[in-house]
Amino acid sequence: MPPIDVAQALAIVLAWGVNFVVIKWGVAGVPPLLLGALRFTLVALPAVFIVKRPAVPWRWLALYGLTMGVGQFGCLFSAIKLGMPAGLASVVLQSQAFFTLLLARLFLGERWQASQLAGLALALGGLALIGMGKGGDMTVLGFCLTIVAASSWAASNIVVRAIGRAGHQVAPLGLVIWSSLVPPLPFLLLSWLLEGGGSVLAALRGFDLQSLFAVVYLAVVATMFGYGLWSRLLTRHAAAKVAPFSLLVPVVGLAASHLLLGESLTPAQLAGSGLLLAGLVVSVFGGRALSVALAGRAGRA
């Protein structure tokens, strides 16, 4: 991969890692579900007039918008508002890779590799350590909502695979932008019902520069810039070369939350985070390493 593309991949990692800190800033002044509505409105408009609509039925766009948008980010924003540390959220959210494995097995009949099972075991141990860990600022509700957010992200991954199996070739940026037309209305309705009309109106009347920065960053930097560059890299390089960069996102998330928010992990949370990230590394690289080892052994024989 050329140095310029490596630099772009690292820029995406930085944008997505800092994203968790920005969410923390955003939910400090705007109710989480209202923040979701504003984020996806800004993603969709005016971009839908510039980016071509993916050639997929509306039902797929709606399903992706609901799972990725309302499910993933609604739960993630709420989790951070309700006591999930931003840095720890960046780690726990990566469990989506293993929920994707489970859902792909259930709904798509995909087989598991030995390395994926080993990675899943490590990740489950890590999640257990994080969930049972005492101390720190993490709440049980925040942790559970982050797990639901990861599950929703996994569900959106299954939607993307199903779209591909149906024979549709979809650019990721176009899918994200056009599916962003779906979440704003459900978010607004849920915000009005669950967060209260008074809270919604008060947040809009008191909308300040920090809230504006959060919405713009989440929509423009984390989503449009991040997914736009990510899509470009995927068109230029094999997914196996690009995808491993995403493993650095929780590392940046932990560092940024420590530097900008003063967050720190308890020993159990730190150990659990290490296990979960190790599980991701084993799942991503384990099969390839095993194949290389077997090929080398066969060559020596």
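Residues numbered from 1 in each chain as written. Predicted model: local features only at pLDDT ≥ 70, side-chain atom pairs only at ≥ 80, totals over all residues. Heavy atoms only, no water.

Going by this rule: UniProt positions are given in the numbering used here, feature names are shortened, and annotations may be inferred rather than shown by experiment.
As annotated in an unreviewed UniProt entry, the protein carries the name EamA family transporter and comes from Chromobacterium paludis. Per UniProt, the comment on the protein under Subcellular location (unreviewed entry) is "Membrane".

**Things to note about the state of the cysteines**
Formally: By disulfide we mean two sulfur atoms from cysteines, separated by a distance within 2.5 Å. Relative accessibility decides the category of a residue: with a 1.4 Å probe and only protein chains considered, values under 20% of the type maximum give buried, values over 50% give exposed, and everything between is partly exposed.
Applying the stated criterion across every chain, the model contains zero disulfides. Left unpaired, C75 is separated from the closest cysteine sulfur, that of C144, by 11 Å. Relative accessible area serves as the criterion here: at 38%, C144 is assigned to the partly exposed category.

**So, helix α10 (residues 197-205)**
Keep this limit in mind: Secondary structure follows DSSP: runs of H or I at least 4 residues long count as helices, runs of E at least 2 residues long count as strands, and numbering of each begins at the N terminus. Within this analysis, the arc is defined by the directions that extend from the helix axis to the C-beta atoms. Residue contacts are counted whenever heavy atoms from the two residues lie within 4.5 Å of one another.
By the burial criterion, the buried members of α10 are G197, V200 and A203. The buried side chains of α10 occupy one side of the element, clustering within an arc of 130° when seen end-on. In α10, the exposed positions angled more than 90 degrees off the buried face are occupied by G198 and R205. The secondary structure elements touched by the buried residues of α10 are α1 (3-29), α2 (32-44) and α9 (184-195).

**Topic: the nonpolar core**
Nonpolar side chains tend to gather and get buried jointly when the protein is soluble and globular. For the record, the criterion: Buried residues of nine kinds, namely Ala, Val, Leu, Ile, Met, Phe, Trp, Tyr and Cys, make up a nonpolar core once their side-chain atoms join them within 4.5 Å.
In this structure, L76, M84 and V92 are the most contacted members of the largest nonpolar core, which totals 80 residues. Residues within four places of V92 in sequence aside, it is in contact with M84, L127, I130, F143, T146, I147, A150 and L276.

**Considerations on a nonpolar patch on the surface**
Rules: Each patch is built from residues lacking any salt bridge and having more than 30% relative accessible area; the joining distance is 9 Å for like charges and 5 Å for nonpolar side chains (Val, Leu, Ile, Met, Phe, Trp, Tyr). Using a 1.4 Å probe, the Shrake-Rupley method yields the accessible areas, and only the shown protein chains count as cover for residues. The salt bridge criterion pairs a side-chain nitrogen of Lys or Arg with a carboxyl oxygen of Asp or Glu, the two atoms within 4 Å.
A contiguous nonpolar surface patch, about 490 Å² in accessible area, is contributed by L42, F207, L209, L212, V216 and V220. In terms of residue count, the dominant contributor to the nonpolar patch is helix α11 (residues 209-236) (four residues). By secondary structure assignment, the location of L209 is in helix α11.

**Comments concerning the environment of V200**
Looking at the secondary structure, you find V200 in helix α10. For the pair formed by V200 and V282, sequence separation is 82 residues and the distance between their alpha carbons is 44 Å. Residues in contact with V200, not counting those within four places in the same chain, are L34, S191 and W192.

**A look at the environment of L247**
Structurally, L247 can be placed in the loop between α12 (239-242) and α13 (249-261). When its relative accessible area of 17% is taken as the criterion, L247 is described as buried. When sequence neighbours within four positions are dropped, the list of residues in contact with L247 reads L280, V281, V284 and F285.

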